[in-house]
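The chain contents come next:
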Amino acid sequence: MKINLIQSEYEVIRDQSRCINCRLCEKQCSNGVNYYDSKLKVMLSDESKCVNCHRCVTVCPTNALKIVKSDHCFKSNANWSYHDITNIYRQAKTGGVLLSSMGTPKEYPVYWDKILINASQVTNPSIDPLREPMETRTFLGKKKLDIEYDENNNIITDTKPQMELSVPIMFSAMSYGSISYNAHKALATAAQELGIFYNTGEGGLHEDFYVYGENTIVQVASGRFGVHSKYLEAGKAIEIKMGQGAKPGIGGHLPGRKITEEVSKTRMIPVGSDAISPAPHHDIYSIEDLRQLVYMLKETTNYKKPIIVKIAAVHNVGAIASGIARCGADIIVIDGFRGGTGAAPLRIRDNVGIPIELALAAVDTRLREEGIRNEVSLVAGGTIRSSADVIKAIALGADAVYIATSALIALGCHLCRSCHLGKCNWGIATQIKELEERLDPEEGAANLVNLVTAWSREIKEMMGGMGINSIEALKGNRLMLRGIGLSQKELDILGIQHAGE
């Protein structure tokens, strides 16, 4: 008898008095958890396959199902948790690298939750956003330090390539292949309607989505998947991916089971072959090499598009950003270690990198000290969960933020952290046609528009309460922030005072 050392993490609780054996839970579960026993004439569950995606719970017509955390436990040990033990069991059986998705679940500090926003009272009165103008537009790209005039004393408004956003929020890089066609369409449609941008990720751009080019950021990563001249011309901006917050220092891997015919065509690789991005760009080993790629892309697109460089938040991120600012990039994206992804080695996801809050503050401070802050715009990503996080990020120095996990949750994602398996029951992280069809792109786009619209309204409310009427006045305004429960070192890095000061 073969012994299974790993017990189910979740239990499927079925109320047999409510269950009508409609078998809808069986049909809707791509993992094969629920099944009908014809002899007993009841529905049963193989809980070892459950990823807690809640699909069966939400579709059950009689509310007969719920999924709960198993109370099965190992002997209590402060040093060895349930996950530590079961992960060793898994590796002992397979010899493989453990993969997971959607950001670290470890209880590291979330600095957004330890930062409070200041409010106006008397001497600096608040502003009513319902009755007074409130500007949420922002522009990404290089900025001039001085006002310049032509020979007729008119202000010269011709600037370097800029990206105009109606609200300082963009949809972060998620490649076609890692997420479905319908998910990409929802993101593109919403970005166009909102007047913001979505990022193709490193998987190229499906030919159907070239029509969204004015609201598209195309990405160039180490694998160069789907990169060609038409692709580079298609987007409003080009992003060079040097690093990613969820897996700093390593490349990417899209399993061959996700490389369907359409994904193959878009990525320009064979059907069924693994898409492996190397850790480094093999033509970039210095800031000088990066500068060559930046200017090659500028030349290719006739200097009409901003060039973005995306880096992971690591301990020397300030120095790295300084070099990138000097190499000709127009925008720097900093991705924090709590960022989500479709697949990452579990140990790297949980142990490598630093929080976006500290990285963002460090970069903004470094660029200001060197007098080159105007040379680049900063975009922050990695666990932006609400409009309050957006406000805090901008006050710490960001020009705008990227959201990814928040956007996927708006599409129906339940954070079951099994994206790499390609069996997403919500039609998001899958290339299986019948699963993909569960996501209505029009409904998904409407949800995304509602989410960003709601955040925009809350941003206006919070800015009004701070006595600020524009994003520009909030940018880098750390006087409006206070820390609580933070050490002096943390406050110094963030550049804010403690609450009460």
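Because the structure is a prediction, the values reported are computed rather than measured.

Engineer: Give a detailed account of helix H11 (residues 387–396), specifying residues and quantitative values.
Structural biologist: Among the 10 residues that make up H11, nine are buried, leaving the element largely enclosed by the rest of the structure. Taken together, the buried positions of H11 are Ser387, Asp389, Val390, Ile391, Lys392, Ala393, Ile394, Ala395 and Leu396. Remark: Gly397 follows H11 within two positions and exhibits a positive phi of approximately 130 degrees.

Engineer: Which residues make up the sheet that holds strand S15 (residues 307–312), and what values do they have?
Structural biologist: Pairing within the closed barrel is parallel, and its eight strands lie in the order S9-S10-S11-S12-S15-S16-S18-S19. Inspection of the sheet shows strand S12 (residues 237–241) paired to S15 by four bridges, in the parallel sense. Among the inter-strand pairings, Glu239 is bridged to a residue of S15, identified as Ile308. Contacting strand S16 (331–335) and strand S18 (377–381), helix H10 (residues 356–369) crosses the sheet at an angle of about 170 degrees to S18.

Engineer: Now, about the environment of Met174: what can you tell me, with residues and values included?
Structural biologist: Position of Met174 relative to the elements: it lies in the loop between strand S9 (169–173) and helix H4 (181–194). Met174 sits 134 residues away from Ile308 along the chain, and the two C-alpha atoms are 16 Å apart. For Met174, the contacting residues outside a window of four places in its chain are Ile179, His184, Leu187, Asn199, Thr200, Gly201, Ala404 and Leu408.

Engineer: An account of the sheet that holds strand S20 (residues 481–483) is needed here, citing residue identities and associated values.
Structural biologist: An order of S6-S20-S21 is seen for the three strands of this open sheet, with the pairing classed as mixed. Pairing within the sheet leaves two strands with one partner each, and these edge strands are strand S6 (115–117) and strand S21 (497–498). Two elements, S20 and S21, share two bridges in a ladder whose sense is parallel. Paired with Arg482 across the two strands is Gln497, which belongs to S21.

Rules of the game
Residues numbered from 1 in each chain as written. Predicted model: local features only at pLDDT ≥ 70, side-chain atom pairs only at ≥ 80, totals over all residues. Heavy atoms only, no water. Buried < 20%, exposed > 50% of the residue type's maximum accessible area, 1.4 Å probe, protein only. Helix = DSSP H or I, 4+ residues; strand = E, 2+ residues; numbered from the N terminus. Pairing = 2+ DSSP bridges. Contact = heavy atoms within 4.5 Å. Axes fitted to C-alpha atoms, helices over the stretch in contact; angles between N-to-C directions.

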